[in-house]
Amino acid sequence: MRSELSATSTLFEANRARGAVRFDVHARAGVTRRGALHESGSLRVRFPSPEDQGLSGVFVNTAGGVAGGDRFDVEIAAADGARLTLTTAAAEKVYRTPGAAAQLNIALKVGAGAHLAWLPQETILFDRARVQRRFDIDLDEAASLLLCEIVVFGRTAMGERMEQGEFIDRWRLRRGGRLVFAETVRLDGDIGGKLARPAVAKGGAAIGTALIVPGDEALVERIREASESFSGEVGISAWNGFAMARFCAQDEARLRADMMTVLARTGAALPRLWLN
């Protein structure tokens, strides 16, 4: 029996998905175009249609989701003056696993006068899913960034909740070579019980973060003016030259609506896939 389990485990490990995307964009005469592109494994990026000035990209995971032991790496560089918006073709599902956690690594570099908007659709964690995600962001002092992430603990539309599992989310933001923001969120073990605590999520099943660079108190006030329309809890503050909004809601639909309200206040144009 042990030999059979070992063989099954070895086969499972050998069939883990690997995917990587690496590319750069540059601006010429005010128009952003893609430079060199590298794709491997099950991760792809597509550029649906040219725009007047900026460029939009859509990530596609042909593996059909993320399972334990999978690894996906994204590395993007926006050169001086370029404008790039990125999203995903659909919500990303992270499935349950008895083994190793999935690894998601994202590295973003934005040059002087460039703007990058990272706007993927939701990440949905199934019960007993395990995932470790890492963001490393390097901005020029004159760059701008809009980075939004929504994480849903369970398929709330199906009446499911994530009870057990692991979610580790590490963010590091450097601006002009100086570390201005560092945070690691760690939820593991009895995640359902922890989210039920009043000081954590008060039973909420969806959380989100919007990182806005540059950001100041004027932007904070514009967002706070919409507070009466929020369905969930939203907190917004600014420091070190950037603003951050935190979201918590009972389900992804309410949080997504709150996120869209906040993004509208920043003047951001949402990807078309968000509006379908």
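Look above for the structure.
By convention here, each chain's residues receive numbers from 1 onward along its written sequence. Given that the model is predicted, a residue must reach a pLDDT of at least 70 before its local features are reported, and side-chain atom pairs must reach 80 or more before they are shown or counted; all residues, however, enter totals for whole chains, interfaces and linings. To obtain the side-chain values, all non-hydrogen atoms of the structure were used and water was disregarded.

Undergrad: Whenever I open this one, the environment of alanine 157 confuses me. Can you help?
TA: Secondary structure elements follow DSSP: runs of H or I no shorter than four residues count as helices, runs of E no shorter than two count as strands, and numbering proceeds from the N terminus. By the secondary structure assignment, alanine 157 is in the loop between β12 (144-153) and β13 (164-175). For alanine 157 and valine 220, which are 63 residues apart along the polypeptide, the C-alpha to C-alpha distance reads 31 Å.

Undergrad: Honestly, the sheet that holds β13 in this entry has me stumped. Any pointers?
TA: Working definition: the strands of a sheet are paired by backbone hydrogen bonds and lie parallel or antiparallel to each other. Strand pairing is assigned whenever DSSP identifies at least 2 bridges connecting the two strands. Here 7 strands make up an open sheet; going across it, the order is β2-β1-β5-β8-β11-β13-β14 and the pairing mixed. Because the sheet does not close on itself, it has two edges, and the strands there are β2 (31-41) and β14 (178-190). With direction set aside, neighbouring strand axes in the sheet form an average angle of 5°. Bridging between β13 and β14 involves 12 bridges; their strand directions are antiparallel. The partner of phenylalanine 167 across the bridge, within β14, is leucine 187. Where helices are involved, their axes are fitted lines through C-alpha atoms of the stretch in contact, as for all axes, and angles between N-to-C directions lie from 0 to 180°.

Undergrad: Help me understand a negative patch on the surface, please; the structure alone is not making it clear to me.
TA: On the surface, Asp80, Asp138, Asp140 and Glu141 cluster together to form a negatively charged patch. Summarising the element assignment, glutamate 141 is placed in the loop between β11 (130-139) and β12. To count toward a patch, a residue needs a relative accessible area over 30% and no salt bridge; like charges are then connected within 9 Å, while nonpolar side chains (Val, Leu, Ile, Met, Phe, Trp, Tyr) are connected within 5 Å. Areas reported as accessible are Shrake-Rupley estimates using a 1.4 Å probe. Residue values count occlusion only from the protein chains shown. Between Lys or Arg on one side and Asp or Glu on the other, a salt bridge is scored when a side-chain nitrogen of the former is within 4 Å of a carboxyl oxygen of the latter. Counted as positive: Lys and Arg. Counted as negative: Asp and Glu, with His and the chain ends omitted from the count. In plain terms, the charge of a residue is placed at NZ if it is Lys, CZ if Arg, CG if Asp and CD if Glu.

Undergrad: Looking at this structure, how should I read unusual backbone geometry?
TA: As a rule of thumb, non-glycine residues mostly have phi less than zero, and peptide bonds are mostly trans rather than cis. Proline 214 follows valine 213 through a cis peptide bond whose omega is -5°. The backbone of lysine 202 shows a phi angle near 55°, a positive value even though the residue is not glycine. Mapped onto the fold, lysine 202 is located in the loop between α2 (191-196) and β15 (206-213). Each residue is placed in one exposure class: buried if its accessible area under a 1.4 Å probe, protein chains only, is under 20% of its type's maximum, exposed if it is over 50%, and partly exposed if it falls in between. Judged by relative accessible area, which is 59%, lysine 202 ranks as exposed. Of note, asparagine 240 is a non-glycine position whose phi angle comes to about 55°, a positive value. On the secondary structure map, asparagine 240 appears in the loop between β16 (233-239) and β17 (242-249).

Undergrad: Looking at this model, I keep getting lost on the environment of glycine 65. Mind explaining?
TA: By secondary structure assignment, the location of glycine 65 is in the loop between β4 (55-61) and β5 (71-78). Glycine 65 gets classed as buried once you look at its relative accessible area, which sits at 5%. Placed 30 residues apart in sequence, glycine 65 and glycine 35 show a C-alpha to C-alpha distance of 28 Å. Residue contacts follow a heavy-atom distance rule, with two residues in contact if any of their heavy atoms lie within 4.5 Å. Those residues in contact with glycine 65 that sit more than four places away from it in its chain are Asp70, Phe72, Glu92, Lys93 and Tyr95.

Worth remembering: the numbers are spatial, not functional.
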